[in-house]
Amino acid sequence: MSNMTILLRRELWANPAITAAPAIIGGLLLLLTILAVVGAISVSVGDDPVDIVEAIKHIEPGTAGPLMQMALASLSVTFNTVMILVITFYLLDALYADRKDRSILFWKSLPVSDTQIVLSKLATAALVIPAVTLVIYLITAFVIYLISGSAVAFAGSTEVLAAGPGALLETTLTLFYALLVQSLWYMPIFGWLLLASAWAKRAVLLWAVLPPVALMLIEDMVFRTTTIAQLLGERVVGVFPLAFRHRGDMDIRVLEHSTPDGDLRITAIDGLTSMIQPGTLLASPGLYGGFVVAAIFIAGAIWLRRYRDES
Amino acid sequence: MSPLVRARGLSKRFGSVAALDNVDLEIGQGRIVGLIGPNGAGKTTALKALLGLTPFEGELEVLGRDPRRHRHTVMQDVCFIADVAVLPRWLRVSQALDLTEGLHPRFNRQRAEAFLSRTSIKTRSRVRELSKGMVTQLHLALVMAIDARLLVLDEPTLGLDILFRKEFYETLLNDYFDQDRTILVTTHQVEEIEHILTDVVFINGGRIVLNETMDNIGERYAEIAVGPEQVEQARSLGPIYEHEVFGRTVFVFEGQPRERLEGLGERRVPGIADLFVAKIKGAVA
């Protein structure tokens, strides 16, 4: 177990992008928030600029919470998008970098099994990177809450300030759940990227992308069907429809405001965590089929790491 | 005492080429063994088989275990430096210490730090900022602080200048080696290690052509520089190799009793490099 701790630290040392990428995004979003608050940039609906301070005065009473949750949810989507890119490039490099720079024999000289090495990379992708992202999200969200809450309080309403902690809790719990189910659902993708990373002598990205694309093309030409493409598409975007539910009656009206330039109407969900619905996902055969495929890919990656002799 | 390494009929082929051809080898505790051979002779393949890094045929035991099946437990008692310059470039010195401490049960951090404090290496530095010689010192510091029973060095001083090469072996001999430890080393720079070896093994074309203790080499082999008038007499005694040096002919004899070679000229123990040439070229001729 102590081996695993030090191996995970190793991954953080070797891949500063794991913390740097979300930190940079967080910093940029904070900068945008500050600029929006001081009025240096403007928000537009369609082509028309919106006077934020004026709009905020028209927020329905008691809806500052859902509004903040919506804003923070879009923040967490941004973090998640960046994180998926970080994980993808991390995994492509994970079993390739030390073969390329020839330090692999140094790692092999340590009394650590290749299974432990490969599993440490998988755990980094599935657990460590999401955990780091979640923490940086929470820090960013908290500071944005302080800035925007104070700005609104300055304009005469303490609603945002009061609703903030609840909204932070709701969105953080929701993001935690989303990252968890996403990691479970993406296991076969993680496994595939590790396999490509252990296999490729160069051009890992091509090895990762070309085989599935080739399979799709062959299926299309030979059988005129698109089963593989559908399976892959479902794997890439299919987890949140399974893991969350959304009904129209969850929405409440947050703001309806007419300006000379046009109307502004916003609805939001009252309590993001009410969308959490693990049952459908846990009952989905796709989840368990994914685990089986992932196990095969990961076993292949371990085998290549252990027995391949390249030097 | 049972040997640390025991190989029986070790073979490995790459297509039609035999990298190792039915090799038998034993290495006992407390020895410093030089494995010497031309490029492509099978040295690195032999070491890799020993370390469980490559599949092979035949029997092989390292510390009583099969390195194919128990590689990572074997590695608790075996250390190796493949080519010292290859530590990961992003690694900081302090992280290298943390890692080895965390992963190696026999690592003594104080020992490594004491060794590093005698060098100009800073703990904050990354490997990419160190010179090649400093990377060697760092790797050696890590390895020497591990209480391993077998240390395997594959061309450890490749690409280093002569000062670092000398220092490397001196440190190894003075600060690391003792009766309980065993070192197996391959190198092209035979002259630099022959004074520290206790045993020497020549390998050529995947076969072992010589396996002797250094003490026995003085007994078994003789090198004599002979004047022109005695060349025929020397040849009749069946030298394994001869070559011309400054108008004299230098003969290398194997297994000839001392008294038969007397009178030919001054008898010397051939250097490992000369003996190597004699055995390899002699085998070809």
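## Looking at the nonpolar core
By size, the foremost hydrophobic cluster in this structure holds 69 residues, and its most contacted members are Leu 72, Leu 75, Leu 91, Phe 190 and Leu 194 of chain A. Breaking this core down by element, the ones donating at least two residues are α2 (17-37), α4 (64-94), α7 (114-154), α8 (159-185), α9 (187-199), α10 (204-223), α12 (239-243) and α14 (285-307) of chain A. When residues of this core are assigned to their parent elements, the largest contribution, 14 residues, is made by α7 of chain A. Ignoring sequence-local partners within four residues, the contact set of Leu 75 of chain A consists of Leu 29, Tyr 137, Ala 141 and Ile 144 of chain A. Membership of the second largest hydrophobic core comes to 64 residues, among which are Ala 14, Phe 106 and Trp 107 of chain A together with Phe 276 of chain B.

## Some points on unusual backbone geometry
Despite not being glycine, Arg 224 of chain A has its phi angle at roughly 60°, a positive value. Tracing the chain through its elements places Arg 224 of chain A in the loop between α10 and α11 (227-237). Positive phi outside glycine occurs at Asn 22 of chain B, with the angle close to 55°. Position of Asn 22 of chain B among the secondary structure elements: in strand β2 (residues 17-27). With relative accessibility at 51%, the residue Asn 22 of chain B sits in the exposed group.

## Digging into the pairing of strand β11 (residues 241-245) of chain B
Looking along a regular strand, one sees side chains alternate from face to face of the sheet. All names here are of chain B. Sheet topology places β11 next to strand β12 (residues 248-254); five bridges connect them, and they run antiparallel. Each residue of the ladder has a partner; that of Glu 244, found in β12, is Thr 249. Turn length for the β11-β12 hairpin, with the two strands adjacent in sequence and antiparallel, is two residues, and the turn residue Phe 246 shows positive phi of about 50°.

## Quick look at the side chain of Arg 235 of chain A
By secondary structure assignment, the location of Arg 235 of chain A is in helix α11. This buried residue, Arg 235 of chain A, is left without a salt bridge; Glu 234 of chain A holds the nearest opposite charge, at 6.2 Å.

## Focus: the environment of Gly 65 of chain A
Residues and elements named next belong to chain A. Looking at the element boundaries, Gly 65 is found in helix α4. Looking at Gly 65, the relative accessible area reads 12%, which means it is buried. It is 14 Å that separates the C-alpha atoms of Gly 65 and Leu 146, two residues lying 81 residues apart in sequence. Excluding its chain neighbours within four sequence positions, the residues that come into contact with Gly 65 are Ala 163 and Ala 167.

## Topic: the sheet that holds strand β8 (residues 199-204) of chain B
Residue and element names in this part refer to chain B. Spatial strand order, β5-β6-β7-β3-β8-β9: six strands in an open sheet with mixed pairing. At either margin of the open sheet sits one strand with a lone partner, and together these are β5 (78-81) and β9 (207-213). Going from strand to strand, the sheet's axes swing by 15° on average, the running direction of each strand aside. In terms of strand pairing, strand β3 (residues 32-36) meets strand β7 (residues 182-186) through four bridges, oriented parallel. Across the sheet, residue Leu 35 finds its bridge partner in β7, namely Thr 186. Each of β3, β6 (150-154), β7 and β8 touches helix α1 (residues 43-50); the most contacted strand, β6, lies at about 150° to it. Contacting β3, β6 and β7, helix α6 (residues 162-176) runs over the sheet at an angle of about 180° to β6.

## A word on the confidence of the model for chain B
Averaged over every residue, the pLDDT of chain B is 87; residues scoring 70 or more account for 97%. The secondary structure element of chain B with the lowest average pLDDT is helix α11 (residues 272-284) of chain B, at 79, and the one with the highest is helix α3 (residues 93-103) of chain B, at 95.

## A few points about the layout of surface pockets
If you roll a probe as big as a water molecule over the atoms, it shows you where there is empty space left. Residue and element names in this part refer to chain A. The calculated volume of the second largest pocket comes to roughly 940 Å³. Every residue lining the second largest pocket is counted, 30 residues in all, and those nearest its centre are Ile 189, Trp 192, Leu 232, Arg 235 and Val 236. Counting residues per element, the ones that place at least two in the lining of the second largest pocket are α4, α8, α9, α10, α11 and α14. Among the elements that line the lining of the second largest pocket, the one with the most residues is α10, at eight residues. Along the lines of polarity and charge, the residues of the lining of the second largest pocket split into 23 nonpolar, five polar and two charged.

Thresholds applied
- Residues numbered from 1 in each chain as written.
- Chains lettered and ligands numbered in written order.
- Predicted model: local features only at pLDDT ≥ 70, side-chain atom pairs only at ≥ 80, totals over all residues.
- Heavy atoms only, no water.
- Core = buried A, V, L, I, M, F, W, Y, C linked by side-chain atoms within 4.5 Å.
- Buried < 20%, exposed > 50% of the residue type's maximum accessible area, 1.4 Å probe, protein only.
- Helix = DSSP H or I, 4+ residues; strand = E, 2+ residues; numbered from the N terminus.
- Contact = heavy atoms within 4.5 Å.
- Pairing = 2+ DSSP bridges.
- Lys, Arg positive; Asp, Glu negative; His and termini not counted.
- Salt bridge = Lys/Arg side-chain N within 4 Å of Asp/Glu carboxyl O.
- Axes fitted to C-alpha atoms, helices over the stretch in contact; angles between N-to-C directions.
- pLDDT = per-residue confidence, 0-100.
- 1 Å grid on protein atoms, 1.4 Å probe; cavity = no way out; pocket = protein on both sides within 12 Å on 5 of 7 lines; lining within 4 Å.
- Points joined across faces, edges and corners; volume = space filled by probe spheres on them.
- Nonpolar A, V, L, I, M, F, W, Y, C, P; charged D, E, K, R; others polar.

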